[in-house]
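Next come the chains, spelled out residue by residue.
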Amino acid sequence: MALETLTSEPRESRVAALLRRSERFRLGLLLFPGLFWLLLFFALPLVVVVLYSFATPGPTGRVEWHFTLANYGTLFTESLYVNAYLRSIWAGVLTTLICLLAGYPLALYIVRRPPRWRTVLLFLILIPFWTNFLVRTYAWMIILSNNGIINSIIQALGLPRVALYPSEGAVLIGLIYGNLPFMVLPIFASLDRFDFTLLEAAADLGADQTRAFLRVMLPLTMPGIAAGSVLVFIPTVGQFVVSDLLGGAKVDYLGNLLQRLFTRSNPPNWPLGSAMAIVFMAVLTVAILLYFRITTEQDR
Amino acid sequence: MLDTPTTRKPYVTGMDSRRSAGMLALGAHTILTMVFLYAPIVVLVAFSFTRDSFGVRWTGFTLDWYRRLLADQRLLGAALNTLYVALTSTIVSTIIGTMTALAMERYHFRGRTGFDALLYLPIVIPEIVMALALLAFFAFSFGILELLSGLRLQMGLGTVTIAHIAFTISFVVVVVRASLKGFDMRLEEAAQDLGANEWQTFRHITLPLILPGIIGGALLAFTLSLDDFIITFFTTGPGTSLLPVEVYGQVKRAITPKINAISTLMLLVSITLVFLSQFIQRRR
């Protein structure tokens, strides 16, 4: 018997090794397509952008491969680009803030409703979340247009017509409209996990409503606020559709310049556009890290 | 539920009425916000039926714009292209995404955290950056290819489909992983104890159980692809027209009731897809 276990043991471990190898083979098989696709069609393109950002723009729009830092220099010295960054970040901050102020109470109300109402209300938030951004922006063009609904009401009141769009105000409305669902859903998720009896406990301990909200509910729902803010802030800073449709060609946001440098301007300037995209990503990363630091510090 | 019995804690009554006043204010806020969210959609749909040729005023009912839509070969072609891209990219990204989700949930391997980050990046990166990166990449690699082999490739439906797969994989992975999280691994062990091989186990046990998650991921990918404008705009080529790009081009020129009509149809498709995905999630 002792001999038997001795002889069978190496055979078993060989089987185990074979199994382990087939296990690893299976993992490789499962992993390969996703890894391949994302490396080739996501990571590599970003590397190409970095390469372009150090190349020289040729006179006809063709890229010349001479190393230069001039593209980055242009971004930080020409007011057109500096202003576009500042304007876009400002629009992002404003939109995020307003969406938060409008979205938090909305999410709170939905959470406190009985289940059936909750489902209906949540569904009403989900529909715009799933519908085409372009179409929803276009709807505002109809409403704000010179002969549109709002101007008809203004005229009916005996007041002169107002040019509501294209304007920066119209852009802000479009941005808030397009992004509100992205703020409501994560906040709803974190409020859903929040134990509302904690508010009663805070009240029993003598805290008034404001204090209970600021010291108990707000810190505990901070993850939802942070997630919602990031989901609103990032696409807002990089957008170009809303400002293109509702802002006219008068003011340049970051996204409009990027779009023009890559697809429209005569000639196109990919190296400058690439540098602009890289700086944009750097600014975003810093902003988000700062934001998370602030929100988690409040948590402590 | 909110109204705690007043007899037990009489001192709470004051706060309760204040709290219900608070709920009333919240309710009013919710109604106003819903009006803000839905008024533009209602207006858009209504004005796809107006006789007004500028499409911004109500001057009577007509179905004329929908009739003209059906006669517009260009728009129909664009719609077919969009459908083709959405279907192809959804099938590929659902298969790849499900495989990736299985690998991420079932195995621990070196570089898993790094790959996790790579998977989330396409979701959080500004869409315009991914779009211009893909444009730069296709132009760059096509240039090299032409230099090396003389083969001249063009941007078009192929590049759009590749790009859509690249940005929808991550969404599929997130949805399928969520459905794998609640999965009882003992079911698979039981199947194998009863003599099923790996493939049989997957085919008859694992797949049916995570199928709602896979379908949910596929529906999300399909919607994202159908509605996508930015990445499509950057990765399409001359002569290839897709619906969102076509609509954008026309909208830039003017508001017309015909665009109201095509927008209404696009809304209808999206809303149907939300209903479908919610229905599947309920059944789970």
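Residues numbered from 1 in each chain as written. Chains lettered and ligands numbered in written order. Predicted model: local features only at pLDDT ≥ 70, side-chain atom pairs only at ≥ 80, totals over all residues. Heavy atoms only, no water.

A. Representation of the domain arrangement of chain B. Assigned domains within chain B: domain 1 (10–46) and domain 2 (65–283). Domain 1 of chain B and domain 2 of chain B are separated by 36 Å when their C-alpha centres are compared. (Domains from an automatic or database assignment.)

B. Layout of a nonpolar patch on the surface. All names here are of chain A. Taken together, the side chains of Leu44, Val47, Leu51 and Trp65 present a nonpolar region at the surface, about 370 Å² in accessible area. Among the structural elements, Leu44 can be located in helix 1 (residues 2–53). Under the relative-accessibility criterion, Leu44 is labelled partly exposed at 37%. (Patch = residues over 30% accessible without salt bridge, like charges linked within 9 Å, V, L, I, M, F, W, Y side chains within 5 Å. Areas by Shrake-Rupley, 256 points an atom, 1.4 Å probe, with all protein chains shown as cover. Salt bridge = Lys/Arg side-chain N within 4 Å of Asp/Glu carboxyl O. Helix = DSSP H or I, 4+ residues; strand = E, 2+ residues; numbered from the N terminus. Buried < 20%, exposed > 50% of the residue type's maximum accessible area, 1.4 Å probe, protein only.)

C. Just unusual backbone geometry, in detail. The omega torsion of the bond from A:Tyr165 to A:Pro166 falls at 0°, within 30 degrees of zero and hence cis. Here A:Pro166 shows up in the loop between helix 6 (149–156) and helix 7 (168–193).

D. Structural detail: the interface of chain A and chain B. Taken together, the contacts link 80 residues of chain A with 84 residues of chain B. Carbon and sulfur atoms make up 81% of the surface buried where chain A meets chain B, a total of about 7,800 Å² over both sides. Considering only the side of chain A, the residues that lose the most area to chain B are A:Phe42, A:Trp130 and A:Tyr138, jointly responsible for 11% of the buried surface there. Residue B:Lys252 is joined to A:Asp244 by a salt bridge in which the shortest nitrogen-to-oxygen separation is 3.0 Å. The interface formed by chain A and chain B includes ten residue pairs in polar contact (both at pLDDT 80 or more). A total of 23 residues in the side of chain A that touches chain B trace back to one element, the largest contributor, which is helix 1 of chain A. A per-class count over the side of chain A that touches chain B returns 60 nonpolar, twelve polar and eight charged. (Contact = heavy atoms within 4.5 Å. Buried area = accessible area lost by both parts, 1.4 Å probe. Polar contact = N/O pair within 3.5 Å; in protein donor to acceptor, adjacent residues only side chain to side chain. Nonpolar A, V, L, I, M, F, W, Y, C, P; charged D, E, K, R; others polar.)

E. Structural detail: the domain arrangement of chain A. All names here are of chain A. According to the domain assignment, chain A contains domain 1 (2–53) and domain 2 (76–299). Domain 1 puts four residues into the contact, and the matching count from domain 2 is five residues. Counting the surface lost from both domain 1 and domain 2, the interface buries some 450 Å², and carbon and sulfur atoms represent 81% of this. Of all residues in domain 1, Val49, Tyr52 and Ser53 bury the most surface against domain 2, accounting for 84% of the area lost on that side. Counting every contact that joins domain 1 to domain 2 gives zero salt bridges. Here domain 1 and domain 2 share zero residue pairs in polar contact (both at pLDDT 80 or more) between them.

F. Focus on the confidence of the model for chain B. Residue and element names in this part refer to chain B. Summarising the model, chain B shows a mean pLDDT of 88, and 93% of its residues fall at 70 or more. The least confident element of chain B is helix 1 (residues 13–46), whose mean pLDDT is 84; the most confident is helix 9 (residues 230–235), at 96. Below pLDDT 50 for its whole length, residues 1–15 participates in eleven contacts with residues either more than four positions away or in separate chains. (pLDDT = per-residue confidence, 0-100.)

G. Seen up close, helix 3 (residues 73–106) of chain B. For helix 3 of chain B, spanning 34 residues, the distance from its first C-alpha to its last is 49 Å, which sits close to the expected 50 Å at 1.5 Å a residue. Capping the start of helix 3 of chain B, B:Asp72 holds a side-chain oxygen 3.1 Å from the backbone nitrogen of B:Arg74, two or three residues further along. (Expected span 1.5 Å × (residues − 1).)

H. Structural context of the side chain of B:Gln278. You can see B:Gln278 is positioned in helix 11 (residues 257–283). Its relative accessible area of 13% is what places B:Gln278 among the buried residues. Those residues in contact with B:Gln278, other than ones at most four positions away along the chain, are A:Phe123 and A:Leu126.

I. Up close: the packing of aromatic side chains. Inspection of the entire model under this criterion finds 31 aromatic pairs over all chains. Ring geometry for A:Tyr52 versus B:Phe140: centroids 6.0 Å apart, planes at 75°, classification edge-to-face. One end of the pair, A:Tyr52, is in helix 1; the other, B:Phe140, is in helix 5 (residues 127–149), on a second chain. Judged by its relative accessible area of 5%, A:Tyr52 is buried. In textbook terms, an aromatic cluster arises when at least three aromatic residues are bridged by ring pairs, as seen for A:Trp37, A:Phe41, B:Phe137, B:Phe138 and B:Phe142. If you follow A:Arg112 out to its NZ or CZ, it ends over the ring of A:Phe196, 4.0 Å from the centre. (Phe/Tyr/Trp six-rings, centres within 6.5 Å; stacked < 30°, edge-to-face > 60°. Lys NZ or Arg CZ within 6 Å of the ring centre and 35° of its normal.)

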